[in-house]
There are 2 protein chains.
Amino acid sequence: MNNKIYSLVIVGYGGMGSQHGRKLEEVSRIKVTGVYDIKEVRQAEARTKGYKVYEDYQAVLDDPSVDIILIATPNDSHHPITLQALHAGKHVICEKPAMMNSQEVKDVMSASEETGKVFMVHQNRRWDEDYLAIKKLVDEKELGDVFYVETRVHGSRGIPGDWRHDLKHGGGMLLDWGVHLLDRLLILFPEKVTSVYAKLSYILGHEVDDGVKVYLTFEGGRTALMEVGTTNFITLPLWYVTGLNGAAVIEDWDMNGKVAKWDQADTSDAVPIVAGAGLTKTMAPRAENTVSEYPVPRVECDVRDFYYNFIDTIENTAERIVTNEEVLRIMTLMEAVFESDKTGEVVHLNL
Amino acid sequence: MNNKIYSLVIVGYGGMGSQHGRKLEEVSRIKVTGVYDIKEVRQAEARTKGYKVYEDYQAVLDDPSVDIILIATPNDSHHPITLQALHAGKHVICEKPAMMNSQEVKDVMSASEETGKVFMVHQNRRWDEDYLAIKKLVDEKELGDVFYVETRVHGSRGIPGDWRHDLKHGGGMLLDWGVHLLDRLLILFPEKVTSVYAKLSYILGHEVDDGVKVYLTFEGGRTALMEVGTTNFITLPLWYVTGLNGAAVIEDWDMNGKVAKWDQADTSDAVPIVAGAGLTKTMAPRAENTVSEYPVPRVECDVRDFYYNFIDTIENTAERIVTNEEVLRIMTLMEAVFESDKTGEVVHLNL
């Protein structure tokens, strides 16, 4: 059992950087020792936490006591900062989206291989309970074979008010939230993506997208809808999943929702229901005794497992959870999303 | 004031045909006098209602006392039956979908013009209260400019168990329910449709679609999603509409739902909420005092107005509500839906 305590420096001590700092207080084998941030107010905050505040990034790179650099800067700076870190012999935890495009991911993968240092992207939303509950239902075939998934996040506050408004910094909601939702979709449906149709929205008039809808088709015919919206005064469910024998919905992060599962053929003839100005048999609900409804499963999850797995990866004692091949795949998929939106066409893939 | 009572014969006395019979009992200026149906059981039913039962369709055409023929037969027979009726000097009410393709609609429009007889399609779901409530919200700009609409019907009973399973009869859910939902969308967003991306579903393994999803883009950039599903054990809302200043949702035909309207800028900084394994400001709800929520408006509606308008159209005393140009447009749009599904590509239109 290795008991080494790894020294970690946070580069970019904003919202996510400071969140990492708090989470890492509970991870015994990583100690946050320092911070580098260009803003004085954040330097001051870091000092109150007892962190060493570095004058410049080179000083972090030159500090032999630093094992890990955690990058939580604007997206466009991830690439140069990561390359410098790896070549300085540091392991890297990087915020998402990993890079600005797939070529940058490839560069970093090469540098990681060359230097033998670990590069891992913080796809923290793989540890969200709502996702894990859906994954359990899909993997265990609780709904029969699942053929369609909708995954959404809706807010009404627009794009967060910082560099995420800027194209050159890699702003916009596809890169901010879409990267998580697509990442998880590709785990739920592991087969290849064969086509992408996407619409970014620019309702708020910024140069970056304030929302996105992506319609995916997978090899074999399963489909999925991924949506991020920041102009939605009413929120639709986080998850909606349909399988041959049932469906599941998760409304919100409080895990409100339900599973509806078909128990037996409904042999009684459907009784038409009044539906607006007409009647419908097709859309009449099934008899109550043929479908059982129950809450979505609760799943234990601990996002600190990300950091533990990072250490295991450094020490080569476990399979890594977030692979760089996955990160490259998501980045390539997001490029297809941008292309589909720009051209107004379906992008065909073998991804 | 014209007081003529019009004599109407129902051709095809199944589910919809008999529903027309019941509705028409409340319409004083139309009297259902007869029925033509090939099935003996339906002939017997018609006799119990006191209707004359015709031996064959020619007998209906030859009967000079018949003013109106109402067609509620399988979809593929609408075209020949309608043409014969118009040329025999009868006015025609026709069930939806009007025809099997846009050329058939054009044929019928020509025949109607040539004979001077009225042809009108029973787009009865324009009188559904859920639709009319959404139309009111959109038209009155209650939500500000509406930029996106989702309209859905979900059931879990599969395709109704009759000719709607058969391709040659014009079965499938796009033609059955999709025709209504698309018809209403094109009234809500009257500008031209510029592109269509669509996926039919064949989950149940029939030769016709058991569901369909259609993504529409309109001139100027508004978008819409239309979905019909018959394999959905949990139903998503009938309507979801987003505008610059609010949103509305209607869950079901009981008019459960709400409007959420933005009252004032939320100047307080967003408080991050716990969202799964992370925090989010972007998706945090707005402060309660900046958004008001209230029930969707109730709208009076009476589907019998369809029949009254049909009489007014015959007598040239009012604008017709369902125009044949609209019917042609919907049929052309549905052809684009089939094409998009078949090719897997976006179909670009100027419709």
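- As annotated in an unreviewed UniProt entry, chain A carries the name Gfo/Idh/MocA family oxidoreductase and is attributed to Paenibacillus anaericanus.
- Quoted straight from UniProt, the Sequence similarities (unreviewed entry) entry for chain A says "Belongs to the Gfo/Idh/MocA family."

### A closer look at the packing of helix α7 (residues 173–188) of chain A against helix α9 (residues 324–343) of chain A
Each pair of packed helices gets described by two things: the angle between the helix axes and the distance between those axes.
All names here are of chain A.
Part 1: Relative orientation of the contacting elements α7 and α9 amounts to 120°, with a least axis distance of 10 Å. Classed by the angle they form, the pair α7 and α9 counts as oblique. Considering how the two elements wind past one another, α7 and α9 form a crossing that is right-handed. Contact residues: L174, L175, V179, L182, D183 and L186 in α7; R329, I330, L333, M334, V337 and F338 in α9.
Part 2: In the contact of α7 with α9, the residues fall into ten nonpolar, no polar and two charged.

### A short note on the relation of the copies chain A and chain B
Part 1: In screw terms, the move from chain A to chain B is a rotation of 180° and a rise of 0.0 Å along the axis, fitting with an RMSD of 0.0 Å. One copy is carried onto the other by what is essentially a two-fold rotation axis. Closest approach to the rotation axis among the C-alpha atoms of chain A is made by V346 of chain A, whose C-alpha sits 3.1 Å away.
Part 2: Of all interface residues in chain A, 99% are interface residues in chain B too; the two copies therefore contact each other through one and the same surface.

### Structural notes on the UniProt feature "domain: Gfo/Idh/MocA-like oxidoreductase N-terminal" (unreviewed entry) in chain A
Part 1: In the numbering used here, UniProt assigns the "domain: Gfo/Idh/MocA-like oxidoreductase N-terminal" (unreviewed entry) feature to residues 8–122 of chain A.
Part 2: Along residues 8–122 of chain A one finds 43% helix and 21% strand; the C-alpha atoms at either end are 15 Å apart.

### Observations concerning the packing of helix α6 (residues 129–139) of chain A against α7 of chain A
All names here are of chain A.
Part 1: At a minimum axis separation of 10 Å, α6 and α7 run at an interaxial angle of 20°. With respect to each other, α6 and α7 are oriented roughly parallel. In this structure, the crossing between α6 and α7 has a hand that is right-handed. Between α6, through D130, Y131, I134, K135 and V138, and α7, the contact on the second element is made entirely by R184, I187 and L188.
Part 2: Its residues assigned to classes, the contact of α6 with α7 comprises five nonpolar, no polar and three charged.

### Let's talk about the environment of D76 of chain B
Residue and element names in this part refer to chain B.
Part 1: Within the secondary structure layout, D76 lies in the loop between β4 (68–71) and α4 (78–87).
Part 2: In this view, D76 contacts M100, K168 and H169; residues no more than four positions away in its chain are not counted.
Part 3: Only 3.1 Å separates the side chain of D76 from the side chain of H169, close enough to count as a polar contact.

### Considerations on the domain arrangement of chain A
All names here are of chain A.
Part 1: With domains assigned, chain A is organised as domain 1 (6–122) and domain 2 (128–255 + 296–301 + 332–348).
Part 2: On a C-alpha basis, the centres of domain 1 and domain 2 stand 28 Å from each other.
Part 3: In total, about 850 Å² of surface goes out of reach between domain 1 and domain 2, with carbon and sulfur atoms giving 55% of it.
Part 4: The interface formed by domain 1 and domain 2 contains one salt bridge.
Part 5: For D176, the salt bridge identified is with K96, shortest N-O distance 3.2 Å.
Part 6: For the pair domain 1 and domain 2, the number of links is five residue pairs in polar contact (both at pLDDT 80 or more).
Part 7: Class assignment of the residues belonging to the side of domain 1 that touches domain 2 gives a composition of three nonpolar, five polar and two charged.

### What to know about the interface of chain A and chain B
Part 1: In this assembly, 80 residues from chain A lie in contact with 79 residues from chain B.
Part 2: Here chain A and chain B share an interface that buries about 5,700 Å² over both sides, 61% of which is from carbon and sulfur atoms.
Part 3: Scanning the region where chain A abuts chain B turns up two salt bridges.
Part 4: Of the charged contacts in the structure, one is a salt bridge between R152 of chain A and E150 of chain B, with a shortest N-O distance of 3.0 Å.
Part 5: The tally of links from chain A across to chain B stands at ten residue pairs in polar contact (both at pLDDT 80 or more).
Part 6: Looking at which element gives the most residues to the side of chain A that touches chain B, the answer is strand β7 (residues 146–154) of chain A, with six residues.
Part 7: When grouped by side-chain class, the residues that make up the side of chain A that touches chain B number 38 nonpolar, 24 polar and 18 charged.

### Considering the sheet that holds β4 of chain B
Residues and elements named next belong to chain B.
Part 1: The six strands are arranged β3-β2-β1-β4-β5-β6 in an open sheet whose pairing can be described as parallel. The open sheet has two free edges, formed respectively by β3 (52–53) and β6 (119–121), since each of these has just one partner strand.
Part 2: Its contacts with the sheet place α4 against β1 (6–11), β4, β5 (91–94) and β6, and it is angled at close to 160° to β5.

### Remarks on unusual backbone geometry
Part 1: With an omega dihedral of -10°, the bond running from K96 of chain A to P97 of chain A counts as a cis peptide bond.
Part 2: Note on placement: P97 of chain A falls in the loop between β5 (91–94) and α5 (102–115).
Part 3: The backbone phi angle of K141 of chain A is positive, close to 55°, even though this residue is not glycine.
Part 4: Not every positive phi belongs to a glycine, and M255 of chain B is a case in point at roughly 70°.
Part 5: Of note, M255 of chain B is situated in the loop between β12 (246–250) and β13 (257–262).
Part 6: For M255 of chain B, a relative accessible area of 7% corresponds to the buried category.

### What to know about the environment of V53 of chain A
All names here are of chain A.
Part 1: Inspection of the secondary structure puts V53 in strand β3 (residues 52–53).
Part 2: On the accessibility criterion, V53 (15% relative accessible area) is buried.
Part 3: Among all residues touching V53, those that are not within four sequence positions of it are V35, Q43, A46 and R47.

Conventions adopted
- Residues numbered from 1 in each chain as written.
- Chains lettered and ligands numbered in written order.
- Predicted model: local features only at pLDDT ≥ 70, side-chain atom pairs only at ≥ 80, totals over all residues.
- Heavy atoms only, no water.
- UniProt positions renumbered as here; feature names shortened; annotations may be inferred.
- Axes fitted to C-alpha atoms, helices over the stretch in contact; angles between N-to-C directions.
- Helix = DSSP H or I, 4+ residues; strand = E, 2+ residues; numbered from the N terminus.
- Parallel < 35°, antiparallel > 145°, perpendicular 65-115°, else oblique.
- Left-handed = near helix turned anticlockwise from the far one by under 90°.
- Contact = heavy atoms within 4.5 Å.
- Nonpolar A, V, L, I, M, F, W, Y, C, P; charged D, E, K, R; others polar.
- Least-squares fit on C-alpha atoms with pLDDT ≥ 70 in both.
- Polar contact = N/O pair within 3.5 Å; in protein donor to acceptor, adjacent residues only side chain to side chain.
- Domains from an automatic or database assignment.
- Buried area = accessible area lost by both parts, 1.4 Å probe.
- Salt bridge = Lys/Arg side-chain N within 4 Å of Asp/Glu carboxyl O.
- Pairing = 2+ DSSP bridges.
- Buried < 20%, exposed > 50% of the residue type's maximum accessible area, 1.4 Å probe, protein only.

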